[in-house]
Amino acid sequence: MQVPAQFQYQRATSVQHALSLLTKYGPDSRIVAGGHSLIPMMKLRLAQPQALIDINDLTDLARISVEDGTLCVGAMVRHADLLASAVAGEHFPIFHDAEKVVADPVVRNRGTVGGSLCQADPSEDLSAAFAAVRGEAVIEGPGGRRVVPIREFFTGPYQTVVGENELLVQLRVPISSSASAYQKVERRAGDWAVAAAGAELRIEGTQLVSVGIGLTALGAPNFHAPEAEEYLLAGPAVDERFAEAGRIAARHCNPVADQRGPADYKRHLAEVLTVRALRRARTRWHGNNHQEEG
Amino acid sequence: MEITVTVNGRAYTRDIEPRLLLVHFLRDELGMTGTHWGCDTSNCGACVVWLDETPVKSCTVLAVMADGHRVRTVEGLAGADGLDPVQQGFTECHGLQCGFWTPGMMLTARWLIDKNPDPSEADIREAISGQLCRCTGYDNIVKSIRWAAEHDTAHEAAPAGTTVDSKEVSA
């Protein structure tokens, strides 16, 4: 029987209360939301916080809304709720693609979007999805609120810019006319990614005028592929250029060999999945916006 | 710390350590051993119970997190009129196999049919994709859940209310 080590438990009643508890208990305290990453780590003693601050009662953080042309996803939104959100799927189908392959339906009932991002697992799916669409993280701290681009959110595996006395409260994505998609290879249903790629794009005429590419489990700094994006921008959205973008993305990421496969295989997946995500996003763009361009 | 959890419609108050997991609270504190405990890593799904309206893996939920909330276990699946159609389906179609993962499977199946009264085979396989059957009996489990959907009347009945039996509330 695996049981966490002893800890003090506190239930936060508001964001301010959570922040005051973080200050009170110091660096040995941890926020728990869904707990589906943290509690298994506590059982294995990979994490041993002295105090747990439970934010499950902060229902204000569990809302998905559109405000001032921005999709706002509260940090406490459960994966199942993001998957079920019509407004999120309408503007960013990449989130539905990614949520369909985050763990399994029962885990998605409990795990949270904010928890996944703060866990910063290199194989986590939403990190690449938010990186592809250039989302932002809203972080509350004792000194007030700050907003950090997701592409600057991660400082390393399992590390983010969220400080010891700060709380991630919301993810934001500015809504613009775009199409997006996420493609993942996993060993079996519900597993972490062997590799995955997300893409968002906007086309004017035949030209790509906006493109974002996210990569998961591939050692891409901050889960995105800037060199491939730069190559694609301001050129036609054609298969030949998508193929080259895939090769560039594969060249610039840094996958490591592990039980999910050798590095060469993962680099191959980086190329193939980048192309598939771009093509799927393009199909959606034409379906939604420009039927005549087929 | 003291918590009160409503399990299958009855409130139970216990004084527990914060590190006690919900699965062990149900089994060891309340003696409800219908909830099984398997892999301990949120993988196998033997420990699935409902927390409020949704199935969760109770080996990854602290009992203190259920304080003030409702839990439904396999002991709460049968109604006053007899077995739930899901339980009947597992009987009719030999979905039980060894029985170890059956309670969690049935609770997820009940949730699926409540949401989707006519699930396809793909819907069923997706719903239970986070739960293992080590007898490799998935085909019969899928048939059982499909049988339950075809014979289900639960979505037409009024939802069961919450009752508090003072005899069951212990310090």
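Being a predicted model, the structure only gives us computed values, none of them experimental.

Quick notes on the packing of aromatic side chains
In step 1: For the coordinates displayed, the defined rule picks out 5 aromatic pairs over all chains.
In step 2: A connected cluster of aromatic rings, assembled from ring pairs, spans F92, F95 and F130 of chain A.
In step 3: Above the face of the Y231 of chain A ring, R241 of chain A is positioned so that its terminal group lies 5.0 Å from the ring centre.
In step 4: Looking at R72 of chain B, its charged tip hangs above the ring of W50 of chain B, at a distance of 4.8 Å from the centre.

Looking at unusual backbone geometry
Residue and element names in this part refer to chain A.
In step 1: Of note, F223 is a non-glycine position whose phi angle comes to about 65 degrees, a positive value.
In step 2: Summarising the element assignment, F223 is placed in the loop between β13 (207-216) and α9 (226-232).
In step 3: For F223, a relative accessible area of 7% translates into the label buried.

Examining the interface of chain A and chain B
In step 1: On the side of chain B, 31 residues touch chain A, which itself brings 30 residues to the contact.
In step 2: Taken together, chain A and chain B are joined by 3 salt bridges.
In step 3: Residue E126 of chain B pairs with R108 of chain A through a salt bridge whose shortest N-O separation is 2.8 Å.
In step 4: Summed over the shared surface of chain A and chain B, the result is 10 residue pairs in polar contact (both at pLDDT 80 or more).
In step 5: Residue assignment for the side of chain A that touches chain B shows that the elements contributing at least two residues are β1 (8-11), α2 (38-43), β3 (51-54) and α6 (105-108) of chain A.
In step 6: For the side of chain A that touches chain B, the leading source of residues is α6 of chain A, giving 4 residues.
In step 7: Considered class by class, the residues forming the side of chain A that touches chain B number 15 nonpolar, 7 polar and 8 charged.

Some words on a negative patch on the surface
All names here are of chain B.
In step 1: Taken together, the side chains of E2, D15, D28 and E29 present a region of like negative charge at the surface.
In step 2: Mapped onto the elements of the fold, E2 is located in strand β1 (residues 2-7).
In step 3: The exposure class assigned to E2 is exposed, which follows from its relative accessible area of 56%.

Considerations on the nonpolar core
Residues and elements named next belong to chain A.
In step 1: Of all hydrophobic cores here, the largest spans 36 residues; its most connected members are F95, L117, F130, I150, F153, L168 and L171.
In step 2: Listed by contribution, the elements that provide at least two residues to this core are β5 (70-74), α5 (93-100), α7 (113-119), α8 (125-132), β6 (136-141), β10 (167-174) and β12 (193-204).
In step 3: Looking at this core element by element, the count peaks at 6 residues for α8.
In step 4: Once residues lying within four places of it in the same chain are set aside, the contact partners of F95 are L71, L82, L126, A129, F130, V133 and V173.

Notes on the pattern of salt bridges
In step 1: Taken as a whole and assessed by the stated rule, the structure comprises 28 salt bridges over all chains.
In step 2: The salt bridge involving D40 of chain B is made with K43 of chain A; its shortest N-O contact spans 3.0 Å. Of this pair, D40 of chain B sits in the loop between α1 (22-29) and β3 (48-51) while K43 of chain A is found in helix α2, placing the two residues in two different chains. Each member of the pair, D40 of chain B as well as K43 of chain A, is classed as buried.
In step 3: Across the salt bridge formed by D125 of chain A and K184 of chain A, the nearest N and O atoms sit 2.9 Å from each other. Of this pair, D125 of chain A sits in helix α8 while K184 of chain A sits in strand β11 (residues 179-186), placing them 59 residues apart in sequence. Across this residue pair, the class does not change: D125 of chain A and K184 of chain A are buried.
In step 4: The network of salt bridges with common partners includes D84, R110, D114 and D152 of chain B.

What about the sheet that holds strand β5 (residues 70-72) of chain B?
Residues and elements named next belong to chain B.
In step 1: Strand order in the open sheet formed by 5 strands is β2-β1-β5-β3-β4, and the pairing between neighbours is mixed. Bordering the open sheet on either side are β2 (10-15) and β4 (54-57), each of which pairs with just one other strand. For this sheet, the mean angle separating the axes of adjacent strands, direction not counted, is 40 degrees.
In step 2: Judged from the 4 bridges that link them, β3 and β4 form a sheet pairing that is antiparallel.

A few points about the packing of helix α3 (residues 102-115) of chain B against helix α5 (residues 138-150) of chain B
Residue and element names in this part refer to chain B.
In step 1: Where α3 contacts α5, the two axes come as close as 10 Å, and the packing angle between them is 40 degrees. Relative to α5, the element α3 is oriented oblique. Where α3 crosses over α5, the handedness of that crossing is right-handed. Of the residues in α5, those in contact with M105, A109, L112 and I113 of α3 are Y138, I141, I145, A148 and A149.

Here's the deal with the domain arrangement of chain B
All names here are of chain B.
In step 1: When the domains of chain B are assigned, the result is domain 1 (2-76) and domain 2 (85-155).
In step 2: Domain 1 and domain 2 are separated by 21 Å when their C-alpha centres are compared.
In step 3: Residue-level contacts link 18 residues of domain 1 with 15 residues of domain 2.
In step 4: Taking both sides of the interface into account, the surface hidden between domain 1 and domain 2 amounts to around 1,300 Å²; carbon and sulfur atoms contribute 65%.
In step 5: Contact with domain 2 buries surface across domain 1, with C44, W50 and V74 losing the most and accounting together for 36% of the total.

Reading guide: rules and limits
Throughout this description, residue numbers start from 1 for each chain and increase along the sequence as written. Here chains are named by letter from A upward and ligands by number from 1 upward, in the order in which they appear as written. Residue-level local features of this predicted model are given only where pLDDT is at least 70; pairs of side-chain atoms are given and counted only at 80 or more, and the full residue set underlies all totals for whole chains, interfaces and linings. Hydrogens are left out, water is left out, and the side-chain values use all remaining heavy atoms of the structure. Pairing of aromatic rings covers Phe, Tyr and the six-membered ring of Trp, with a centre-to-centre limit of 6.5 Å; geometry is then stacked below 30 degrees between planes, edge-to-face above 60, and tilted otherwise. By the criterion adopted, a ring carries a charge over it if an Arg CZ or a Lys NZ lies within 6 Å of its centre and within 35 degrees of its normal. Working definition: helices are DSSP H or I runs of at least four residues, strands are E runs of at least two. Numbering for both runs from the N terminus. Categorising residues by exposure relies on relative accessible area from a 1.4 Å probe, with only protein chains included: less than 20% of the type maximum marks a residue as buried, more than 50% marks it as exposed, and the intermediate range marks it as partly exposed. Between two residues, a contact is recorded if the distance between any of their heavy atoms is within 4.5 Å. When a carboxyl oxygen of Asp or Glu is within 4 Å of a side-chain nitrogen of Lys or Arg, the pair counts as a salt bridge. We call two N or O atoms a polar contact when they sit within 3.5 Å, provided that within protein one can donate a hydrogen and the other can accept it, with sequence-adjacent residues counted only if both atoms are side-chain atoms. When residue character is reported, Ala, Val, Leu, Ile, Met, Phe, Trp, Tyr, Cys and Pro are called nonpolar, Asp, Glu, Lys and Arg charged, and the others, Gly included, polar. Think of a patch as exposed residues, more than 30% relative accessible area, with no salt bridge, where like charges cluster within 9 Å and nonpolar side chains (Val, Leu, Ile, Met, Phe, Trp, Tyr) cluster within 5 Å. A 1.4 Å probe and the Shrake-Rupley method give the accessible areas. Residues count as covered only by the protein chains that appear here. As used throughout, the charge tally considers Lys and Arg to be positive and Asp and Glu to be negative, leaving His and the chain termini uncounted. Where a charge lies is defined by one atom per residue type: Lys uses NZ, Arg uses CZ, Asp uses CG and Glu uses CD. In these notes, a set of buried Ala, Val, Leu, Ile, Met, Phe, Trp, Tyr and Cys residues joined through side-chain atoms within 4.5 Å is what counts as a nonpolar core. When DSSP finds at least two bridges between two strands, those strands are taken to pair. Whenever a helix is involved, its axis is fitted only over the stretch in contact; in every case the axis is a line through C-alpha atoms, and angles between N-to-C directions fall within 0 to 180 degrees. Roughly parallel covers angles under 35 degrees, roughly antiparallel covers those over 145, roughly perpendicular covers 65 to 115, and oblique covers all other angles. Each crossing is labelled by how the near helix is turned from the far one, with a counterclockwise turn of less than a right angle marking it left-handed and a clockwise turn marking it right-handed. For the purposes of this description, domain bounds are those given by an automatic or database domain assignment. Two parts placed together each lose some accessible area under a 1.4 Å probe, and the buried area is that loss summed for both.

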